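Inside the fold
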2 protein chains.
Amino acid sequence: MVTNYAATVAYDGTEYSGFQIQRDRRTVQGELESTLNNLTRQPTRIHGSGRTDAGVHARGQVISFRSEWRHGADEFGRAMNATVRRDISVRDVRQVGEQFHARFSAVRRVYIYNLYEGPIRDPLLERYALHCRQPLDVAGMNRAAELLVGEKDCAAFGQPPSGNVTVRRIYSAQWSRRDEIVPDRPGLSFRIEANAFLRGMVRRIVGTLLHVGQGLLDPSGVAEILDSRDIGRACPPAAARGLCLWHVEYE
Amino acid sequence: MVTNYAATVAYDGTEYSGFQIQRDRRTVQGELESTLNNLTRQPTRIHGSGRTDAGVHARGQVISFRSEWRHGADEFGRAMNATVRRDISVRDVRQVGEQFHARFSAVRRVYIYNLYEGPIRDPLLERYALHCRQPLDVAGMNRAAELLVGEKDCAAFGQPPSGNVTVRRIYSAQWSRRDEIVPDRPGLSFRIEANAFLRGMVRRIVGTLLHVGQGLLDPSGVAEILDSRDIGRACPPAAARGLCLWHVEYE
């Protein structure tokens, strides 16, 4: 009997060419599918809530897949964790209804972007946070981020994965100073929540807000870029390493 | 003119066979010396405050070396950071007196060991913290850690780097729960401060205290191991990845 499963997975994206499977590249989807194929002896196709770019991390990516596995969902998770590469882990596996699809059933996604300021690179943050030499104007970045909240045509910040609808509902977008992004190391986190994101959208938004933080762009300039719907107007995307798919919500 | 320099360096030890130079192995000392040789066009020998093991990290390792570099200490640091591998960084460079030696002048060292509890591995902590499946008895580990404080013969926990003096003065040794060892991820940190450490000493102490935390050993058993002065009595060393040389103090 074929059951529909969902799993929450975390990964360090540093050594992957992104989530989506590609021939001759190491991808998160490829690694998870080969783990499932080895466990179940059947070809298994997984669907992710979204396709993270090369180098982007996840703490709460959700995947769904159909399988004839009959030893229980918890045991499925344990078996996957015992064999998958150590830069991926399966946080939980659960049976879901026939209609559940990790991408189409998702109603909200949350991404976090981490960075730290200071003259010197920190090798212990190299994989997980962007290094900014100069202090940033956080108040200005937050004034600009507020302008993105609401139902907006986000064509200036990314490409639709399919079709041509570029309108997204952004629920919140905010920078906050943190005492520790690792122990004793202060940093800045950007948290953005939307019904869905276009390809490259979070990194282009972060890149654009960083221009505001560096005094190169007024907060109102961000609204102009958004209104232009022209991807050529956005600032270059911020480095993948600071980005993490944090949480995906379903009804 | 030859000047004596000291530098504070940080590194991610994951891809190094430890600090100390070894033929045909990638070591932190080897990488820093080759960076200096390339910059100054002169063979340069560096001395570290201590020799971290393979996989151990540092935030506050101190090195000293003599060099004819004449463009100022700050510029020396910038030049080193521009060319050294990205898993090492030079936090500062300063001129020091003729007598300064990173190892022999050091009066205190601080190490931090990080771990997290829970049934599932976290790939974003894989390089920097130990994963413990079961919750640990922190109060018990701290009762045991207290027994180590003072001037003690630590032969049970490590080997002297040279000579045969195994007495060390431990100033403090304490576990504390942290709300975040990365954002939203609670964990445990062990901080130990001593005048100096024997080889492998922090990892054997942590390994032994973890046995207490797991209920496999009474706190008083740690005192017995210490008193035995027998390295065969200590528990196996805890994994290198959780350990970080945090700070070195000079007079």
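This structure is a prediction, so every number in the text was calculated from the model and none was measured. (Residues numbered from 1 in each chain as written. Chains lettered and ligands numbered in written order. Predicted model: local features only at pLDDT ≥ 70, side-chain atom pairs only at ≥ 80, totals over all residues. Heavy atoms only, no water.)

1. What to know about the layout of surface pockets
Of the voids in this model, the largest pocket is the one considered here, and its volume is about 750 Å³. In terms of lining, the largest pocket is formed by 34 residues, of which the most central are Ser 49, Gly 50, Arg 103, Pro 161 and Phe 197 of chain B. Every element with two or more residues in the lining of the largest pocket is listed here: strand E2 (47-48), strand E5 (106-117), strand E8 (167-182) and helix H4 (201-213) of chain B. Along the walls of the second largest pocket sit 27 residues, with Gly 50, Pro 161, Ala 196, Phe 197 and Leu 198 of chain A positioned nearest its centre. For the lining of the second largest pocket, the elements supplying multiple residues, two or more each, are strand E5 (106-117), strand E8 (167-182) and helix H4 (201-213) of chain A. For the lining of the second largest pocket, the class distribution of residues is 13 nonpolar, 7 polar and 7 charged. (1 Å grid on protein atoms, 1.4 Å probe; cavity = no way out; pocket = protein on both sides within 12 Å on 5 of 7 lines; lining within 4 Å. Points joined across faces, edges and corners; volume = space filled by probe spheres on them. Helix = DSSP H or I, 4+ residues; strand = E, 2+ residues; numbered from the N terminus. Nonpolar A, V, L, I, M, F, W, Y, C, P; charged D, E, K, R; others polar.)

2. Looking at the nonpolar core
Ranked by internal contacts, the top residues of the largest apolar core, which has 69 residues, are Leu 32, Trp 175, Phe 190, Ile 192 and Leu 210 of chain B. Setting aside chain neighbours within four positions, we find Trp 175 of chain B in contact with Leu 115, Val 138, Met 141, Asn 142, Leu 188, Ser 189, Phe 190, Val 206, Leu 209 and Leu 210 of chain B. Of all hydrophobic cores here, the second largest spans 68 residues; its members include Tyr 11, Ala 58, Ala 144 and Leu 198 of chain A. (Core = buried A, V, L, I, M, F, W, Y, C linked by side-chain atoms within 4.5 Å. Buried < 20%, exposed > 50% of the residue type's maximum accessible area, 1.4 Å probe, protein only. Contact = heavy atoms within 4.5 Å.)

3. Considerations on the side chain of His 57 of chain A
Relative to the helices and strands, His 57 of chain A is located in strand E3 (residues 57-67). Only 2.9 Å separates the side chain of His 57 of chain A from the backbone nitrogen of Gly 13 of chain A, close enough to count as a polar contact. Here Arg 241 of chain A takes part through its backbone oxygen, which lies 3.1 Å from a polar atom of the side chain of His 57 of chain A. Ignoring any residue separated from it by four or fewer positions in sequence, one finds His 57 of chain A in contact with Tyr 11, Asp 12, Gly 13, Thr 14, Arg 127, Tyr 128, Arg 241, Leu 243, Cys 244 and Leu 245 of chain A together with Leu 124 of chain B. (Polar contact = N/O pair within 3.5 Å; in protein donor to acceptor, adjacent residues only side chain to side chain.)

4. Describing the interface of chain B and chain A
Listed as interface residues are 33 residues of chain B and, on the opposing side, 33 residues of chain A. Buried area between chain B and chain A, both sides added, is near 2800 Å², and the carbon and sulfur share of it is 49%. Interface area lost by chain B to chain A is led by Arg 86, Arg 121 and Leu 124 of chain B, which between them contribute 25%. Counting every contact that joins chain B to chain A gives 2 salt bridges. (Buried area = accessible area lost by both parts, 1.4 Å probe. Salt bridge = Lys/Arg side-chain N within 4 Å of Asp/Glu carboxyl O.)

5. Thoughts on the relation of the copies chain B and chain A
With an axial shift of 0.0 Å and an RMSD of 0.0 Å, the rotation relating chain B to chain A amounts to 180°. Here the transformation between the copies is reduced to the relation of a two-fold axis. (Least-squares fit on C-alpha atoms with pLDDT ≥ 70 in both.)

6. Topic: the side chain of Asn 4 of chain A
Residue and element names in this part refer to chain A. On the secondary structure map, Asn 4 appears in strand E1 (residues 3-11). A polar side-chain atom of Asn 4 sits 2.9 Å from the main-chain carbonyl oxygen of Gly 97. Within the structure, Asn 4 has its side chain in polar contact with the backbone oxygen of Phe 100 (distance 3.0 Å).

7. Quick notes on the environment of Thr 44 of chain B
Residue and element names in this part refer to chain B. For Thr 44, the location among the structural elements is in the loop between helix H1 (28-40) and E2. A C-alpha to C-alpha distance of 7.0 Å links Thr 44 and Ser 67, two positions 23 residues apart in sequence. At a separation of 3.0 Å, a polar atom in the side chain of Thr 44 contacts the main-chain carbonyl oxygen of Gln 42.

8. A short note on H4 of chain A
Residues and elements named next belong to chain A. Compared with an ideal rise of 1.5 Å per residue, which puts 13 residues at 18 Å, H4 spans 18 Å between its outermost C-alpha atoms and is within 8% of the ideal. Burial runs high along H4: 12 of the 13 residues are buried. Those residues of H4 that sit buried are Met 201, Val 202, Arg 203, Arg 204, Ile 205, Val 206, Gly 207, Thr 208, Leu 209, Leu 210, Val 212 and Gly 213. Backbone geometry just after H4 places Gly 215 at a positive phi near 80°. (Expected span 1.5 Å × (residues − 1).)

9. Structural notes on the packing of helix H1 (residues 28-40) of chain A against helix H2 (residues 73-83) of chain A
Residue and element names in this part refer to chain A. Where H1 contacts H2, the two axes come as close as 10 Å, and the packing angle between them is 115°. By the angle between their axes, H1 is roughly perpendicular relative to H2. The element H1 and its partner H2 pack so that their crossing is right-handed. Listed contacts from H2 to Leu 32, Thr 35, Leu 36, Leu 39 and Thr 40 of H1 are Phe 76, Ala 79, Met 80 and Thr 83. Residue classes in the contact of H1 with H2 are distributed as 6 nonpolar, 3 polar and no charged. (Axes fitted to C-alpha atoms, helices over the stretch in contact; angles between N-to-C directions. Parallel < 35°, antiparallel > 145°, perpendicular 65-115°, else oblique. Left-handed = near helix turned anticlockwise from the far one by under 90°.)

10. Here we look at the packing of H4 of chain B against helix H5 (residues 219-228) of chain B
All names here are of chain B. Here H4 crosses H5 at 150°, and the two axes come no closer than 9 Å. The orientation of H4 relative to H5 falls into the category roughly antiparallel. Where H4 crosses over H5, the handedness of that crossing is right-handed. Packed against H4, whose contacting residues are Thr 208, Leu 209 and Val 212, the element H5 presents Pro 219, Val 222 and Ile 225 at the interface. Across the contact of H4 with H5, the residue classes break down as 5 nonpolar, 1 polar and no charged.

11. Here we look at unusual backbone geometry
With the exception of glycine, most residues fall at negative phi, and the peptide bonds are largely trans. In this model, Arg 229 of chain A sits at a positive phi of 55°, which is unusual for a non-glycine residue. Mapped onto the fold, Arg 229 of chain A is located in the loop between helix H5 (219-228) and strand E10 (243-250). The phi dihedral of Arg 41 of chain B is positive, around 55°, even though this residue is not glycine. Topologically, Arg 41 of chain B is positioned in the loop between H1 and E2. Given the relative accessible area of 72%, Arg 41 of chain B is considered exposed.

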